[in-house]
Amino acid sequence: MKKLILMLLACGLALSARAEPLTLRVGHFPNVTHVQALVAQALSRQGKGWFEQRLGPGVKIEWYSYNAGPSAMEGLLDGTVDLTYVGPSPALNIYCRSGGREIRIVSGAARGGSALVVQPDENLKTPADFRGKRIATPQLGNTQDVACRAWLTAGGLHITQLGGDAQVIPTENPDQLTLFKLKKIDAAWTVEPWVSRLEMEAGGKVLVDDTASPVTVLATGVKFLGEHKDIVEKFVAAHKELTAWIQQHPGDAQKLVVEELAAETHGKIPADLIAHAWNRIVLTNDVTLASLQSFVDSAKAAGFLRQTPDLSQILVHP
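In this text the structure is predicted, and so the values were computed from the model without any measurement.

Thresholds applied
Residues numbered from 1 in each chain as written. Predicted model: local features only at pLDDT ≥ 70, side-chain atom pairs only at ≥ 80, totals over all residues. Heavy atoms only, no water. Pairing = 2+ DSSP bridges. Helix = DSSP H or I, 4+ residues; strand = E, 2+ residues; numbered from the N terminus. Axes fitted to C-alpha atoms, helices over the stretch in contact; angles between N-to-C directions. Contact = heavy atoms within 4.5 Å. Buried < 20%, exposed > 50% of the residue type's maximum accessible area, 1.4 Å probe, protein only. 1 Å grid on protein atoms, 1.4 Å probe; cavity = no way out; pocket = protein on both sides within 12 Å on 5 of 7 lines; lining within 4 Å. Points joined across faces, edges and corners; volume = space filled by probe spheres on them. Nonpolar A, V, L, I, M, F, W, Y, C, P; charged D, E, K, R; others polar. Core = buried A, V, L, I, M, F, W, Y, C linked by side-chain atoms within 4.5 Å. pLDDT = per-residue confidence, 0-100.

Chemist: Go over the sheet that holds strand β2 (residues 59–65), please, and point to the residues and values.
Modeler: The strands that make up a sheet are held in pairs by hydrogen bonds between backbone atoms, and each pair lies either parallel or antiparallel. Across the sheet, six strands lie side by side as β2-β1-β3-β10-β4-β11; this open sheet has mixed pairing. Only two strands of the sheet have a single partner each, and these edge strands are β2 and β11 (281–283). When strand polarity is set aside, the average angle formed by the axes of neighbouring strands in this sheet is 25 degrees. Pairing analysis gives four bridges linking strand β3 (residues 83–86) to strand β10 (residues 214–221), with the strands arranged antiparallel. When the bridges of β10 are listed, Tyr85 appears paired with Leu218. Across the sheet, helix α5 (residues 88–97) is in contact with β3, β4 (103–112) and β10; its angle to β4 comes to roughly 160 degrees.

Chemist: For the sheet that holds strand β7 (residues 167–170), give the residues involved together with the corresponding values.
Modeler: One open sheet holds the five strands; their spatial order is β7-β6-β8-β5-β9, and the pairing between them is mixed. In this open sheet, the two edge strands, each paired with only one partner strand, are β7 and β9 (205–210). Along the sheet, successive strands turn relative to each other by an average axial angle of 20 degrees, direction set aside. Sheet analysis places strand β5 (residues 114–118) next to β9, joined by five bridges and oriented antiparallel.

Chemist: I'd like a rundown of α5, residues and numbers included.
Modeler: Since the α-helix packs 3.6 residues into each turn, any two residues three or four apart lie on the same face. In terms of residue burial, α5 counts as a mostly covered element, since eight of its 10 residues are buried. Residues of α5 that are buried include every one of Pro88, Ser89, Pro90, Ala91, Leu92, Ile94, Tyr95 and Cys96, and no others. The inward-facing, buried residues of α5 contact α4 (69–78), β3, β4, α6 (143–154), β10 and α13 (289–301). Directly beyond the C-terminal end of α5, a positive phi value near 65 degrees is found at Gly99.

Chemist: Could you give me a rundown of the layout of surface pockets, with the residues and numbers involved?
Modeler: Approximately 230 Å³ is the volume attributed to the largest pocket. If you trace the largest pocket, you find 15 residues lining it, with Leu76, Gly79, Gly221, Lys223 and Phe224 closest to the centre. Elements with a contribution of two residues or more to the lining of the largest pocket: α4 and α9 (222–227). Ranked by the residues each element gives to the lining of the largest pocket, the list is headed by α9, at four residues. In this structure, the second largest pocket occupies an estimated 150 Å³ of space. What lines the second largest pocket is simply Pro70, Met73, Glu74, Leu77, Pro90, Asn93, Ile94, Arg97, Leu140, Gly141 and Phe304. Looking at the lining of the second largest pocket, the elements with two or more residues in it are α4 and α5. When the residues that make up the lining of the second largest pocket are grouped by side-chain class, the tally is seven nonpolar, two polar and two charged.

Chemist: Go over the nonpolar core, please, and point to the residues and values.
Modeler: Grouped together as the largest cluster of nonpolar side chains are 45 residues, with contacts concentrated most on Leu24, Val39, Phe51, Tyr85 and Phe235. Counting residues in each nonpolar core, the second largest holds 27 residues, with Phe29, Val86, Val287 and Leu305 among its members.

Chemist: I'd like a rundown of the pairing of β3, residues and numbers included.
Modeler: Burial along β3 is two-sided: Leu83 and Tyr85 facing one way and Thr84 and Val86 facing the other are all buried. Direction of pairing for strand β1 (residues 22–28) relative to β3: parallel, over a ladder of two bridges. Across the sheet, the residue bridging to Val26 is Leu83, located in β3.

Chemist: Report on the confidence of the model for the protein, specifying residues and quantitative values.
Modeler: In regions of low pLDDT, the predicted coordinates are not meant to be interpreted in detail. Mean pLDDT for the protein: 89, with 94% of residues reaching 70 or above. Low confidence marks residues 4–18, where pLDDT is under 50. Its contacts with residues over four positions away, or in another chain, come to zero contacts.

Chemist: For empty space enclosed by the protein, give the residues involved together with the corresponding values.
Modeler: The final tally for this structure, using the stated rule, is three cavities of 30 Å³ or more. Put simply, the largest cavity is a space of about 100 Å³. As for the largest cavity, its lining consists of 16 residues, and the residues nearest its centre are Phe29, Asn31, Asn142, Gln144 and Val191. The class makeup of the residues in the lining of the largest cavity is six nonpolar, 10 polar and no charged.

Put into structure tokens, the structure is as follows:
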């Protein structure tokens, strides 16, 4: 009898341990290209959590905001976050540096939404025109930073991380707008809503509008995926449902994005700004090896990668 009681107690303790709520930490950026995260976090603030309802009472969601992809990738590597919305380039960079052992992309999220914006009174039309110019990007090694450096290099300029024929200056998005207005920079390669802000508030002109490339994917760490595959599967399924809901309810989604960006940035976000930015973004859960390969090619051209990696492990469809 004593042995039976001990067994029952042990079983109860095991069940109790498994019933402990899991805190799922999710990263994103305060950008319109991270629409799904912004809408979901806004709903969480209203007590109508999209992911919470679909993952069940045993899972709590905590949101973490980053300026750009390299910082989010650091969060995955050091265990600060478990999943994150991020640009393809930082995810690929960590995947390649770790020999494919650390990062997996589990879904697409959006394409388009990034552009090179130039000063209205400067005659900048080709990469050659940027010789001696200053171009801001959100962060060294982020998707727009890599795209900018690769574009300039393909145009015949010699670009290094610290200088070269043109200066590519990693600058946080809010500072880009200020510097652009003061004409301290000649151009910025950034994402929405900052592209639209540069246009509408500073008179910027779009020179390169990247409408085809993936701008946001959903990534997780190999370790977390191995330990919580069921949670990742449910999260991805909920993410895809949310993508479909946003596509079907763009007006409601835009209102939630306005609310969430205002909460995260502590500033007033005009609804017409978000509507303007919305037109550049295509929400999609699709992401292909071919599209990721183009980012690898850009990273090699920009000097961030030396060899072509084997990408066969990076995409997972849980």
